[in-house]
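Observations on the model geometry
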Amino acid sequence: MGASQPSRNGDADYQFINICLASITEIEETLPIACSGGNTANIQVHASTNGPCSNLFYSLFVNLAGFYLPFNSNTTGTFTGLQVGDYRIDLNNGPIILDQAFFTITADDHTPPVAVCEDVTVNLIGDSFIDASFGNTIDDGSTDNCTIVSYEASQNFFECSDIGVLQVTLTVTDDSGNTDTCISNVTVQDDSPPEVQCGVTNVILDENGEGTVTLSNLGFSASDNCTADQDLVIFWQNMGTTYTCADIGTSDIWVAANDEYGNQAQCLTSLSIIDNTAYQFECKDITLVLDDNGQANITVADVVQNLSDNCLSEAEILNFLSIDSASSTQFTCADVGDNNVQVNVTTLASWVPPYPSACTATVTIVDNISPEITCPADISTSNDIVYHKTICVS
């Protein structure tokens, strides 16, 4: 605010005989400074004199870092172009300092700025957002009659817990310390999708030859910047489908994760439908009757029973069974009686226990065809007529 009233060093009335007596009575700010760093001030120094003061003049000094340095001197007491600061004025008569006064020039600005806010949207980067100059971000053209020196926001750091609409206060300050405030509606949002990673998904068919994709066997992981892992919504292609033996093989399906703010990410997982259940069977004993040629033949199907599997048919199971090369599959009269026949198995590396094992069947060979006898023709003689008849019994 204008120039302060002068303060003096020592007595204002210097008593000299037959010399000029003078003192500073007023320092008038004829042109005040409206804004700090804006226009400059003009002052008029008034003094009272007594005696011969023909060499009276005024010297103005400005305080720079604690030292008063010469600014200007004149005989009128009128000084122009003064900046905000501390000053000293000397009233001189020739080389003699008759009086001194100290004063301060301040800006005479009491008009506050007009704060104008803008509603903005903030997108979280990762799980947070920070902007040291957020006050400038939400300013929408605030004005001042002088100079605005700061825009301060009441909040410039945002995180997941702030998602939604917040009211942030903007405080605008001018170079004279005058302030004004306004409210900005700040929309904090998360537009980052979850991070997903796909692997291999294996569906093991059960004893009924069925299986489904579940979260427990899904080759998939996901995380998010704001939504907890357990709150992510996971879904996949053909969700809820029951796979069967007809689906055995490998294909790709997409898997997606949604966070609580509607952001989604997808990837492809390799889906394998697997049957790792081994077939089961038993050996069975059989009896074979030799034919008219004294021969009998068997196949592996003749000496096994109770064939079962979740996917394979009986015919397909038989493809995994064979009669050991040391056992006979063709029998003759020489084999009448009990014969041991070993059934061997073939398994796949993908199967899990219990594995089928080789077993032995007893093949009993029976000959129930009686021999056939051919009798010679009847014989007769002429001596004492005798007749012989041959009877064959078979």
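Residues numbered from 1 in each chain as written. Predicted model: local features only at pLDDT ≥ 70, side-chain atom pairs only at ≥ 80, totals over all residues. Heavy atoms only, no water.

1. Thoughts on the confidence of the model for the chain
Here the chain averages 89 in pLDDT, while 90% of its residues score no lower than 70. In the predicted structure, residues 10-16 sits below a pLDDT of 50 and forms 8 contacts with residues beyond four places in sequence or in another chain. Segment residues 390-394 is flagged for pLDDT under 50; beyond a separation of four residues in sequence, or across chains, it makes 9 contacts in the model. (pLDDT = per-residue confidence, 0-100. Contact = heavy atoms within 4.5 Å.)

2. Considerations on the pairing of strand β3 (residues 56-64)
With 7 bridges connecting them, β3 and strand β6 (residues 85-93) associate as antiparallel partners. What sits directly across from S59, in β6, is D90. Both β3 and strand β4 (residues 67-74) contribute to a ladder of 7 bridges, which runs antiparallel. Its bridge partner lying in β4, V62 is registered against L69. (Pairing = 2+ DSSP bridges. Helix = DSSP H or I, 4+ residues; strand = E, 2+ residues; numbered from the N terminus.)

3. Some remarks on the packing of aromatic side chains
With the rule as written, the count across this model stands at 11 aromatic pairs. Relative to F103, the ring of Y87 lies with its centre 5.5 Å away and its plane at 15 degrees, an arrangement referred to as stacked. Of this pair, Y87 sits in strand β6 while F103 sits in strand β7 (residues 96-105), and the two are 16 residues apart along the sequence. Note on Y87: relative accessible area 3%, which makes it buried. Taking the relative accessible area as the measure of exposure, F103 reaches 2% and is therefore buried. Summarising the aromatic geometry, the rings of F235 and W254 are spaced 6.0 Å apart at their centres and angled 90 degrees between planes, so their arrangement reads as edge-to-face. Pair noted here: F235 is in strand β18 (residues 233-236) and W254 is in strand β20 (residues 249-258), with a separation of 19 residues, a long-range link. Looking at F235, the relative accessible area reads 23%, which means it is partly exposed. (Phe/Tyr/Trp six-rings, centres within 6.5 Å; stacked < 30°, edge-to-face > 60°. Buried < 20%, exposed > 50% of the residue type's maximum accessible area, 1.4 Å probe, protein only.)

4. Re the pattern of salt bridges
All chains considered together, the criterion is met by 1 salt bridge. Its salt-bridge partner being D90, residue R88 comes within 3.0 Å of it at the nearest N-O pair. Here the two residues R88 and D90 agree in accessibility, since each one is buried. (Salt bridge = Lys/Arg side-chain N within 4 Å of Asp/Glu carboxyl O.)

5. Here's the deal with the side chain of S59
Here S59 lies in strand β3. Engagement of the side chain of S59 in a polar contact is seen with the side chain of S73, the distance being 3.1 Å. (Polar contact = N/O pair within 3.5 Å; in protein donor to acceptor, adjacent residues only side chain to side chain.)

6. Re the environment of W351
By secondary structure assignment, the location of W351 is in the loop between β28 (337-345) and β29 (359-366). Classification of W351 as buried rests on a relative accessible area of 4%. Along the sequence, W351 and S313 sit 38 residues apart, while their C-alpha atoms lie 17 Å from each other. Excluding anything up to four places from it in sequence, W351 contacts D275, N276, T277, A278, Y279, F320 and T346.

7. Re the state of the cysteines
Under the definition given, this model contains 6 disulfides. With a sulfur-sulfur separation of 2.0 Å, C117 is cross-linked through a disulfide to C182. Around the S-S axis, the bridge from C117 to C182 shows a dihedral of about 80 degrees and counts as right-handed. Within this pair, whereas C117 is found in the loop between β7 and β8 (120-123), its partner C182 is found in strand β13 (residues 179-189), the two being separated by 65 residues in sequence. Exposure class is identical for C117 and C182. Each is buried. There is a disulfide in this structure between C283 and C359, and the S-S distance comes to 1.8 Å. Residues C283 and C359 are joined through a disulfide that is right-handed, its torsion about the S-S bond being 80 degrees. Here the residue C283 occupies a position in strand β22 (residues 280-283), and C359 occupies one in strand β29, the gap between them amounting to 76 residues. Look at C359 and you get buried, because its relative accessible area is 18%. (Disulfide = S-S within 2.5 Å.)

8. Thoughts on unusual backbone geometry
Negative phi characterises most residues that are not glycine, and trans characterises most peptide bonds. With a phi close to 60 degrees, N238 is a non-glycine residue in the positive phi region. Accessibility expressed as a relative area gives 43% for N238, which makes it partly exposed. The backbone of N306 sits at a positive phi, close to 55 degrees, despite the residue not being glycine. Relative to the helices and strands, N306 is located in strand β25 (residues 304-308).

9. Details of the nonpolar core
With 25 residues, the main nonpolar core has F281, L288, I298, L321, V343 and V363 as its most contacted residues. Counting residues per element, the ones that place at least two in this core are β22, β23 (286-289), β25, β26 (321-323), β28 and β29. The element contributing the most residues to this core is β29, with 4 residues. Every residue in contact with V363, bar those within four places of it in the chain, is listed here: I286, L288, I298, V303, F331, G337, D338, N339 and V341. Core analysis: the next-biggest nonpolar cluster, separate from the first, contains 23 residues, C53, Y58, V62 and A107 among them. (Core = buried A, V, L, I, M, F, W, Y, C linked by side-chain atoms within 4.5 Å.)

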